[in-house]
Amino acid sequence: MKQTMINVTESAVNLCLNHLIFADSSTELYNYYLDSVNNISSEGFPKPNRLYAGAEFCDKIFKHIRHTKFFDHLTHLNQYVEHVSFVIPPMHESTMEYFTGIMDVIEQCTFVDELVFNDFGIMRYLHQYYPQYTLVAGRLMDKGMREARFVIYSDLEKAHNNRKILQSTNLDAPFYRSLFKQYGVDRIELDTLNGGKLLLNMESGMNYTVHYPRIFLSRSDYCEFSGVGKKLSEKFRIQGSCTRMCGSVWEELCDPSESGIYKIGNAAFTTQKEKLIRCVNGTFRLVYSQGEKNESRCSNSFF
């Protein structure tokens, strides 16, 4: 694989955060956007001209999005950026009704030009029913880059070999390139690594997006926040009711690596501690994913 230095072709701001999805005012979204712009611009990267909106990890959020307010928020933010990518989490049949309602709103937003999918079923659905949009393989599609425990192995040689395995994705392998081509997908999204440098294969013909500094680790259909205050027999249900607590609280997990793993809703994250130039090699679109407002580890610039 031919290696190159870092080359950020464009920047975007990730607004797929629970406290922003549930925001009552466009001002809160704008302030978050402005803070992200300052962090990006201070390091000499291109000023963001794209936003990521939607939900990355939980489709139950679509039940709570008020269409008019969502449309107003996107329209307001369109004053500052030209393009919006709408992000779609892994979907269940039980929430497809709410999703199609949101898509009715999205189709009114002429500045939305990309749909970011995170499972193969919804990729096929979008290709069939929304062919006017460019489809992008979201960061949940890559299954190999999320193991935070690799960095705590005592055997240094073994740890080095494990990191090496994780340094490149298999989504740009010939099989996936052929599959994606059938659906018009030429861009894949990735997280940086929790130890080691992400190497992008610039000879694959794919376009890449890298999220930074937030690193997605795992998700589940079960959300423990939805079980707070319920009887024991009602707590551990995958399709339980959504209380939207993920919009205001989060949980920090203890682990021996002290890498700062935290859980929000049904997903777990950590934060990249290295500067961007030290954790990626290649040409890519940068998506600045700063994190929720109450994630103290993500409140500062990590460039």
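Because the structure is a prediction, the values reported are computed rather than measured. (Residues numbered from 1 in each chain as written. Predicted model: local features only at pLDDT ≥ 70, side-chain atom pairs only at ≥ 80, totals over all residues. Heavy atoms only, no water.)

*Asks:* Is there a simple way to think about the packing of helix 2 (residues 26–41) against helix 3 (residues 67–77) in this case?
*Replies:* Two packed helices can be described by the angle between their axes and the distance between those axes. Following both chains from N to C, one finds helix 2 and helix 3 inclined at 40 degrees, their axes separated by 10 Å at the closest point. Compared by their axis directions, helix 2 and helix 3 come out oblique. The chirality of how helix 2 crosses helix 3 is right-handed. Residues S26, L29 and Y30 of helix 2 form the contact with helix 3, whose participating residues are D72, H73, H76 and L77. Class assignment for the residues of the contact of helix 2 with helix 3 results in three nonpolar, three polar and one charged. (Axes fitted to C-alpha atoms, helices over the stretch in contact; angles between N-to-C directions. Helix = DSSP H or I, 4+ residues; strand = E, 2+ residues; numbered from the N terminus. Parallel < 35°, antiparallel > 145°, perpendicular 65-115°, else oblique. Left-handed = near helix turned anticlockwise from the far one by under 90°. Contact = heavy atoms within 4.5 Å. Nonpolar A, V, L, I, M, F, W, Y, C, P; charged D, E, K, R; others polar.)

*Asks:* Got a minute to help me understand the packing of aromatic side chains in this structure?
*Replies:* One pair of aromatic rings is described through two measures. These are the centre distance and the angle between the planes. Tallying each qualifying case throughout the model produces 18 aromatic pairs. Centre to centre, the rings of F57 and F216 are 5.0 Å apart; their planes meet at 20 degrees, and the pair counts as stacked. Here the residue F57 occupies a position in the loop between strand 2 (50–54) and helix 3, and F216 occupies one in strand 8 (residues 207–219), the gap between them amounting to 159 residues. By the ring-pair criterion, three or more aromatic residues cluster together here, those being F62, F70, F86, F99, Y125, Y129 and Y130. Positioned above the aromatic ring of F269 is the side chain of R214, whose terminal nitrogen or guanidinium carbon lies 3.7 Å from the ring centre. (Phe/Tyr/Trp six-rings, centres within 6.5 Å; stacked < 30°, edge-to-face > 60°. Lys NZ or Arg CZ within 6 Å of the ring centre and 35° of its normal.)

*Asks:* I tried to follow the nonpolar core on my own but got confused; where do I start?
*Replies:* The nonpolar side chains of soluble globular proteins are, as a tendency, buried together. Grouped together as the largest cluster of nonpolar side chains are 77 residues, with contacts concentrated most on F86, F99 and F117. Once residues lying within four places of it in the same chain are set aside, the contact partners of F99 are F62, F86, I88, M91, I122, Y125 and L126. Formed by seven residues, the second largest nonpolar core is a distinct cluster that contains A12, V116, V136 and V287. (Core = buried A, V, L, I, M, F, W, Y, C linked by side-chain atoms within 4.5 Å. Buried < 20%, exposed > 50% of the residue type's maximum accessible area, 1.4 Å probe, protein only.)

*Asks:* So what exactly am I meant to see when it comes to unusual backbone geometry here?
*Replies:* A negative phi angle is the norm for most residues apart from glycine, just as the trans form is the norm for most peptide bonds. Between Y212 and P213 the backbone carries a cis peptide bond, its omega angle lying at 0 degrees. Relative to the helices and strands, P213 is located in strand 8.

*Asks:* Just checking my understanding: could you explain the packing of helix 3 against helix 4 (residues 96–106) for this structure?
*Replies:* Direction vectors running N to C along helix 3 and helix 4 enclose 40 degrees, while the axes themselves pass 10 Å from each other. Relative to helix 4, the element helix 3 is oriented oblique. With respect to the hand of their crossing, helix 3 and helix 4 are arranged in right-handed fashion. Residues H67, F70, F71 and L74 of helix 3 form the contact with helix 4, whose own contacting residues are G101, I102, V105 and I106. Here the residues of the contact of helix 3 with helix 4 sort into six nonpolar, two polar and no charged.

*Asks:* Got a minute to help me understand the pairing of strand 13 (residues 283–289) in this structure?
*Replies:* Summarising burial for strand 13: six of the seven residues are buried, a large majority. As judged from the six bridges shared by strand 1 (residues 7–14) and strand 13, these two strands associate in the parallel manner. By the bridge assignment for strand 13, E10 is matched with R285. As paired strands, strand 8 and strand 13 are joined by five bridges and run parallel to one another. Bridge pairing links Y212 to Y288 in strand 13. (Pairing = 2+ DSSP bridges.)

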